[in-house]
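Analysis of the macromolecular model
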Amino acid sequence: MGNSPVPLDNARHLVRACSRSLVICLLLSGGAGCENRATDTTPVAQNPPSAASRLLHLTAEELSRMQLELSPVAQGEILSHREFPATVQANQNELAEVTALIRGRVVKVHVDVGQDVKKGTRLALLHSVDLGMAEGEHLKAEARLEEAERSHGRARELYENKAVSLAELQRREAAMKAARAESRETRNRLELLGVPQEEIERLDREHTIKADMPLRAPFDGRVITRNITKGEVVETDQKLFTVANLTDVWVIGNVPEKDIRFIRKDQNVNVVLAAYPHAIFGGTITYVGDVLDPATRTMSLRVTVSNPERLLKPEMFAVISVYVTSSPDALSVPLEAVQDGPAGKMVFIQQEAGTFEARTVKLGNEEGEVVRVLEGVKAGEQVVTKGSFALKSEIERHKIEPTP
């Protein structure tokens, strides 16, 4: 029996089934191939930004809109200015507190506050009972000395005539020496009490006790305080007058620890007083403290100022102005040229018209309107002053990194 022919519809279904099987095989084969292929993980090399990519280029229209101003990097000495609060004080080497060396009653006051006096001028007169007693003791000692000297002279004559023994002569000689010592003691006591030499000579000559103690000015100056009245009984611990020579005064200031390096002895400075804001007084640093105040962390500073017209008065408020120059090759730029950058402070250097470089710099101290530059620029380079903030905005917009 012969083969029966395949119906047409069944043949079509068979062809479709074979096609689908072939596609599935191909997909499976391709997936296996992907799984077996090694993955390439080699990183792609990136080129560092070139020098040109760190520059900011502006069109003529942008330059006109920003209205930039330039200034060259300066090289030379920078004048540093520091100011310290201070007060005027009397020169302690020309200041005297006048006291009484002995208790007494005030008989008369000869001067008043604000009066100029010469050395030796009588300021007041005291009457002292204690002084009278000391003068009396001196007169007694002088009388005993005179008697001892006469007795010793007679004994010597008698001894030469062999009328007295050597022992008697020696006894009278010892008494004379004791009387001389007592006389010197009473004289020294009067001198220690402030009795002048001419008054002691008057006492020896006239043998009259006055018991008056004058208070005198120790040097030329001005009476700046008076604490005494007529009829008052004063003690030795009272300060009766203060005499000061104000032709030179001291201005005492305090220097913060960070500014000590600007101060040196014999340095010339200026002093400005609140009472005379438009006047400048020159002075010289005569003392620099060796120890800092632990509470305020400041150092004491003393300036001696000439004061011939007495314009500077003790306890006036003042300001000490110190000017110091830096090294002769210091570099500086205006403060307005400096901006904050991602890595610190930066300035903009003009490379050519319309082209600017943002450059990181290391700064020193600010001195007025300029700041010292320690690293990052060269003398003569043109830095942008006015408009530097606008350039900062531009480099941030273009994501330009400053040159380190």
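Quick note: structure is the one above.
Residues numbered from 1 in each chain as written. Predicted model: local features only at pLDDT ≥ 70, side-chain atom pairs only at ≥ 80, totals over all residues. Heavy atoms only, no water.

1. So, the pattern of salt bridges
We count it as follows: Whenever Lys or Arg places a side-chain nitrogen within 4 Å of a carboxyl oxygen from Asp or Glu, that contact is recorded as a salt bridge. Here a strand is any run of E in DSSP of at least two residues, a helix any run of H or I of at least four, and the numbering for each starts at the N terminus. Partly exposed describes any residue whose relative accessible area lies between the buried limit of under 20% and the exposed limit of over 50%, with all areas from a 1.4 Å probe on protein chains only and scaled to the type maximum.
Tallied over the entire structure, the rule returns 19 salt bridges. Among the salt bridges present, the one from Arg 222 reaches Asp 116, with a minimum N-O distance of 2.8 Å. Of the two residues, Arg 222 is situated in strand 10 (residues 221-226) and Asp 116 in strand 7 (residues 116-117); the sequence distance between them amounts to 106 residues. Assessed through its relative accessible area of 21%, Arg 222 is described here as partly exposed. One salt bridge in this structure joins Glu 394 and Arg 397, with 2.8 Å as the shortest N-O distance.

2. Describing the environment of Leu 391
To keep it simple, the criterion reads: Only heavy atoms matter for contacts: two residues are in contact if any of them lie within 4.5 Å across the pair.
For Leu 391, the location among the structural elements is in helix 6 (residues 388-398). Taking the relative accessible area as the measure of exposure, Leu 391 reaches 0% and is therefore buried. Along the primary structure Leu 391 and Leu 68 are separated by 323 residues, whereas in three dimensions their C-alpha atoms are 9.1 Å apart. Sequence-distant contacts of Leu 391, that is, excluding residues within four places in its chain, are made with Leu 56, Leu 58, Met 66, Leu 68, Phe 348, Phe 356 and Val 384.

3. Focus on the nonpolar core
As a reminder, the rule being used: Here, the term nonpolar core denotes a set of buried Ala, Val, Leu, Ile, Met, Phe, Trp, Tyr and Cys residues that are joined through side-chain atoms within 4.5 Å.
Core analysis: the biggest nonpolar cluster contains 28 residues, and Leu 123, Leu 126, Leu 215 and Phe 241 have the highest contact counts within it. Among the secondary structure elements, those contributing two or more residues to this core are strand 5 (95-98), strand 8 (122-127), helix 3 (129-160), helix 5 (197-206), strand 9 (212-216) and strand 12 (241-244). When neighbours within four sequence positions are excluded, Leu 123 is seen to be in contact with Val 98, Val 109, His 110, Val 111, Val 117, Leu 215, Arg 216, Ala 217, Phe 241 and Val 243. One finds Ala 244, Val 305, Ile 320 and Val 324 within the second-largest nonpolar core, a separate group that totals 26 residues.

4. Considering the sheet that holds strand 11 (residues 233-234)
Inclusion rule: Being paired, for any two strands, means DSSP has found at least two bridges between them.
As summarised here, the arrangement of the 4 strands in space is 9-8-6-11, forming an open sheet in which the pairing is antiparallel. The outermost strands of the open sheet, each flanked by one partner alone, are strand 9 and strand 11. Bridge analysis of strand 6 (residues 104-109) against strand 11 gives 2 bridges, and the strand direction is antiparallel. Note on strand 11: the bridge partner recorded for Arg 105 is Val 233.

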